[in-house]
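What the coordinates show
Now for the letters of each chain:
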Amino acid sequence: MSSRTLLALVTCCFVLVVAGSAVAQVSHTGIIVDPTPEGICEPADTTGAELYSMKMTQGGLDLTDWHWFKRGESNAGLWMSGLSYSLNPGNHTVPVSVRDRFYIIITRPGTDGRGDAVALDSSDSSTPNHGAMTFQVVGETINPAHDLHAGTGLVLDGSGSPVSIDLGAGERMFPAPASSAIDLVFGALIDYQPALYAPGPGCGFGMALPHQARPDQGLVIGYNIYRQPDLGSVPEPTSWTSEHWLDFIPYVDEPGDLAGFQDLNTTPQDGNEFLFYSDSGLDEAPRPSGRPAPQRACADSHWYVIQPVVDGDYFDFDETTVLARVPLGFDPRQLDGGLDLTGDGEPEFFSPQAFMGLPGLGLTVEGRPVLSAPLLGCTASNPLSAAGQVELRGGTSGLELVVGLEPAEVAGYDVYRLGASGRSRVNGGLIPAVGVEGGVHRLATEDRRAVTGRYEIEVVFNDGRENEVRGPYVFRAREERTSRRRGR
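Residues numbered from 1 in each chain as written. Predicted model: local features only at pLDDT ≥ 70, side-chain atom pairs only at ≥ 80, totals over all residues. Heavy atoms only, no water.

Moving on to the overall build of the protein chain. Within the protein chain, the secondary structure is distributed over one helix and 36 strands. When the 488 residues of the protein chain are sorted by exposure, 54% land in the buried category. In the protein chain, the proportion of contacts linking residues at least 24 apart, taken out of those at least 6 apart, comes to 66%. (Helix = DSSP H or I, 4+ residues; strand = E, 2+ residues; numbered from the N terminus. Buried < 20%, exposed > 50% of the residue type's maximum accessible area, 1.4 Å probe, protein only. Contact = heavy atoms within 4.5 Å.)

The mixed open sheet is built from four strands, whose spatial order is β7-β8-β3-β11. With one partner strand each, in any of the chains shown, β7 (79-81) and β11 (129-133) form the two edges of the open sheet. Strand-to-strand twist of the sheet, defined as the mean angle between neighbouring strand axes without regard to direction, takes the value 15°. With three bridges joining them, strand β3 (residues 28-32) and β11 adopt parallel strand pairing. Its bridge partner lying in β11, Ile31 is registered against Ala132. (Pairing = 2+ DSSP bridges. Axes fitted to C-alpha atoms, helices over the stretch in contact; angles between N-to-C directions.)

A few words on the sheet that holds strand β4 (residues 50-56). Within the open sheet, the six strands sit side by side as β6-β5-β4-β9-β10-β12. Their pairing is antiparallel. Two strands in the sheet have a free side with no partner beyond their single neighbour: β6 (73-74) and β12 (136-137). One ladder, built from two bridges, connects strand β10 (residues 117-124) with β12; its direction is antiparallel. Opposite Val118, over in β12, you have Gln136 as the bridge partner.

The next point concerns the confidence of the model for the protein chain. Scored by pLDDT, the protein chain has a mean of 75; 69% of the residues are at 70 or more. Within the protein chain, the element-level pLDDT minimum falls on strand β36 (residues 484-485), averaging 26, and the maximum on strand β25 (residues 364-365), averaging 97. Low pLDDT, under 50, characterises residues 196-200; the predicted model gives this stretch eleven contacts beyond four residues in sequence or across chains. Under a pLDDT of 50 for its full length, residues 282-286 has, in the predicted model, two contacts with residues more than four places off or in other chains. (pLDDT = per-residue confidence, 0-100.)

Shown next as structure tokens:
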């Protein structure tokens, strides 16, 4: 038995003196709140839920001190029953200092086709009552009723159908085919709840205390994104493996990267943060996985999901970091990126990005990655038509006509602004089709007002058939909503 395992057997009722500070070891408790009568919070159903606890010492350097409670079994005094949980700080590595923090993560399998859910909380050694925490559905945003600014309310129903969302420049459908790319958008979890934002009625989103080494952030450091070909039906959650891993999107966006977070207002971590990803075959910098994207947007349909990733490193774990009855010399690191800390063959973390030299521990539930509901790039409800792939985007400098695949029968495009007196053409002459791969056509506007309002695209054919109309595309004034990118 390792020394760490022996330390884990220390009972809860004692006092430690650490750096002149006495810490009374009492059980820490918390609750998962019930939904409010208005149905604002996610239901507090803990069926199939798993509880994870990690102690982080001052400085945030050791990220291996994890405990867990799964299927009614605990490795070291961690317990969950109904809507409440408890942990014994003394069962973590000792000594326990007043500066230590405890981070709680509860994962729950998805229901009714929606994504898996995650609840997050944290506390320090001197605060045994953790208070309330609430489930958040991965890939979605919180109910807009929590905050007047959080007006998006992104919900993924699990069918793969496109979702309409306004990222600050008018409504767009996602996934969106673009030139040699498929654009995706997912909601980001509220990771750490700063005092400047008051959450909705009793829901308790995010961690109460931040990461020891990052005062503006909790444990979530990014998201894994997975992709698999469409075989005619929605993929089962158990079908996603390391072979489908596509990329890791860090919480802080890197210049030149096609992935990034967007915040639709000036309030951080209020449910208005999004993960934007463009699965493109034209990346200037190859994605870390080294795996190619579809070279032509929607030439093939693909399903996409994301997985939350918390701070830690797959390679920091070995037999000395395992608190379980496992054989001597047991290596918890599985070849597909799983970390089996219990020795039961089922990973507690799943981190395929580790083999690309990337940090983080991917969350799991039921021995598989915690995942959003899947999105289908180039959906059956919006198939590639004779008009090809075309959409309209708005910006402060004007309109952009974005064209993907262009069938040979397309002669070009006209863009019209819709008003009370009818349509008025924005472009001076027909915008010609330029080839199979299409491109981006920028339409300058005379004033700021011209980029607001309702627009249509008319696709003109060269074989005598009737023109095809796309839209309407609706753009609102930029003053109504600001947009910024995190980490810039």
